[in-house]
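These are the residues of each chain, in order.
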Amino acid sequence: MQFSTTIKLGQEADITYASKIMMFGSCFSENIGNKLNSLKFNVSNNPLGILFNPCSILATIQRIATKQLFTEQDIFCREGIWNSFHLHSRFAQLSAQEYLNNANAQLVSAHEFLKKTSHLFITLGTAWIYELAEDGTIVANCHKENKDKFSRRRLSVEECIETLQKTIDTVHDIQPNIQITFTVSPIRHWKDGAHGNQISKSTLLLAIEMIQEKNPSVQYFPAYEIMMDELRDYRFYASDLLHPNEMAINYLWERFSESRISPQTQEEMNLVERLISAINHRPFNPGSESYRKFKAKTLELIGEMEKKLPQLNWDTEKSRWGE
């Protein structure tokens, strides 16, 4: 018997440990990027912070592609803390110079990574945007500033299509062979109500559909559909009943893995996970002979993995054992 509808996944499973993966956008990108990073894939995960709307994603990618550094005109100070409407609050600093140094270091690193990226994943969270009232600039983050500083509106399908096409063109200008995949975040934006959330998500879905018709090589991963159909139960949600919980994130990761990561790499990935788990294991008796043998065998397996996949770095794990 089957107790849930299953979303068919038709993407090519071509990601390997040789791939260079870049993630932009909402929390799905963040969660999948963290999973990839924990398993030692070469991934740049939201280098300038979490982004939600198509326009902010485009502006960020354009800035990275052209290596347009941040200046004092891009930042502001409130209650002694420096921030930028172009960046996530994780960049906040007590000094303007420290802010610019950190943000620009991340930007330059992202620029170099983008030039060599093989797979780009962009997760769209909402079609709603916030614009600065004084000049119409679309912000990536309001940083809890007074709402009177902003006007809020929903992008049309046509505006989303235009923005996504510019994003594709910008990326292809710097890396013509990149594989681009769009997703729509499964997190519901409830401030607009159930209907408002559906209108926003539908706007994004329609735009991606049109973009795929114009760009046949562009792919789509159905994270939103998997959450809404395969995981159609509140036991898969966090306490706010809006965000996927850990069980749901792990399921989305499994579905992502089976559709995008090559079968051989999945086997290597599983071994990497077991080795990391072994190193993180806390023994009851660290001085026992059995634990000494366990360490020796694990280090032997890591040595074999280093020969097979030299691009993986195990220094952090081995240092825990003083190796």
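Below: a short report on this structure. (Residues numbered from 1 in each chain as written. Predicted model: local features only at pLDDT ≥ 70, side-chain atom pairs only at ≥ 80, totals over all residues. Heavy atoms only, no water.)

With their axes 9 Å apart at the nearest point, helix H2 (residues 54-66) and helix H4 (residues 157-174) run at an angle of 20 degrees to one another. In terms of orientation, H2 lies roughly parallel with respect to H4. The hand of the H2/H4 crossing is left-handed. Counting all contacts with H2, which are made through Pro54, Cys55, Leu58, Ile61, Gln62 and Ala65, the residues of H4 involved are Cys160, Thr163, Leu164, Lys166, Thr167, Thr170, Val171 and Ile174. (Axes fitted to C-alpha atoms, helices over the stretch in contact; angles between N-to-C directions. Helix = DSSP H or I, 4+ residues; strand = E, 2+ residues; numbered from the N terminus. Parallel < 35°, antiparallel > 145°, perpendicular 65-115°, else oblique. Left-handed = near helix turned anticlockwise from the far one by under 90°. Contact = heavy atoms within 4.5 Å.)

Ranked by size, the top nonpolar core spans 45 residues in total, and within it Phe24, Leu120, Ile122 and Phe182 carry the most contacts. For this core, the elements supplying multiple residues, two or more each, are strand S1 (20-25), H2, helix H3 (96-114), strand S5 (119-124), H4, strand S8 (179-184) and helix H5 (193-214). Broken down by element, this core gets its largest block of residues, eight residues, from H3. Once you skip the residues sitting within four places of it in the chain, Leu120 turns out to touch Met22, Phe24, Val171, Ile178, Gln179, Ile180 and Thr181. Within the second largest apolar cluster, 34 residues are counted, among which are Ile7, Met23, Val43 and Tyr237. (Core = buried A, V, L, I, M, F, W, Y, C linked by side-chain atoms within 4.5 Å. Buried < 20%, exposed > 50% of the residue type's maximum accessible area, 1.4 Å probe, protein only.)

Below, the discussion takes up the packing of aromatic side chains. Per the stated rule, a full pass over the model turns up ten aromatic pairs. Ring geometry for Phe85 against Phe150: centres 5.7 Å apart, planes inclined by 90 degrees, an arrangement best described as edge-to-face. Of this pair, Phe85 sits in the loop between strand S4 (81-83) and H3 while Phe150 sits in strand S7 (residues 150-154), placing them 65 residues apart in sequence. In this structure Phe150 comes out as buried when scored by relative accessible area, which is 11%. Ring geometry for Tyr234 versus Tyr237: centroids 5.4 Å apart, planes at 50 degrees, classification tilted. Under the relative-accessibility criterion, Tyr237 is labelled buried at 11%. Through successive ring pairs, a cluster of aromatic residues spans Phe28, Phe121, Phe221, Trp253 and Phe256. (Phe/Tyr/Trp six-rings, centres within 6.5 Å; stacked < 30°, edge-to-face > 60°.)

Scanning the entire structure with this criterion turns up 16 salt bridges. A salt bridge links Arg78 to Glu79; the nearest nitrogen and oxygen atoms lie 4.0 Å apart. The class for Glu79 is exposed, based on a relative accessible area of 74%. With its nearest N and O atoms 3.7 Å apart, the salt bridge here joins Glu268 to Lys308. Note that Glu268 is positioned in helix H8 (residues 263-280) and Lys308 in helix H9 (residues 289-308), a separation of 40 residues in sequence. Taking the relative accessible area as the measure of exposure, Glu268 reaches 7% and is therefore buried. (Salt bridge = Lys/Arg side-chain N within 4 Å of Asp/Glu carboxyl O.)

A word on the pairing of S5. A regular strand carries its side chains on alternate faces of the sheet. A large share of S5 lies buried, amounting to six of its six residues. Going residue by residue along S5, you find His119, Phe121 and Thr123 tucked away on one face and Leu120, Ile122 and Leu124 tucked away on the opposite face as well. When S1 meets S5, the two strands line up parallel, connected through five bridges. Along S5, the bridge assignment pairs Met23 with Phe121. (Pairing = 2+ DSSP bridges.)

All right, on to empty space enclosed by the protein then. Here the structure, examined in full by the defined rule, presents one cavity of 30 Å³ or more. In this structure, the largest cavity encloses a volume near 60 Å³. Around the largest cavity, the lining residues are Cys27, Phe28, Asn31, Ile32, Pro186, Ile187, Pro244, Ile249 and Leu252. Where the lining of the largest cavity is concerned, the elements lending two or more residues are helix H1 (27-38) and helix H7 (246-260). The greatest single-element share of the lining of the largest cavity, amounting to four residues, is contributed by H1. Taken together, the residues of the lining of the largest cavity sort by class into eight nonpolar, one polar and no charged. (1 Å grid on protein atoms, 1.4 Å probe; cavity = no way out; pocket = protein on both sides within 12 Å on 5 of 7 lines; lining within 4 Å. Points joined across faces, edges and corners; volume = space filled by probe spheres on them. Nonpolar A, V, L, I, M, F, W, Y, C, P; charged D, E, K, R; others polar.)

Nothing here speaks to function; it is all geometry.
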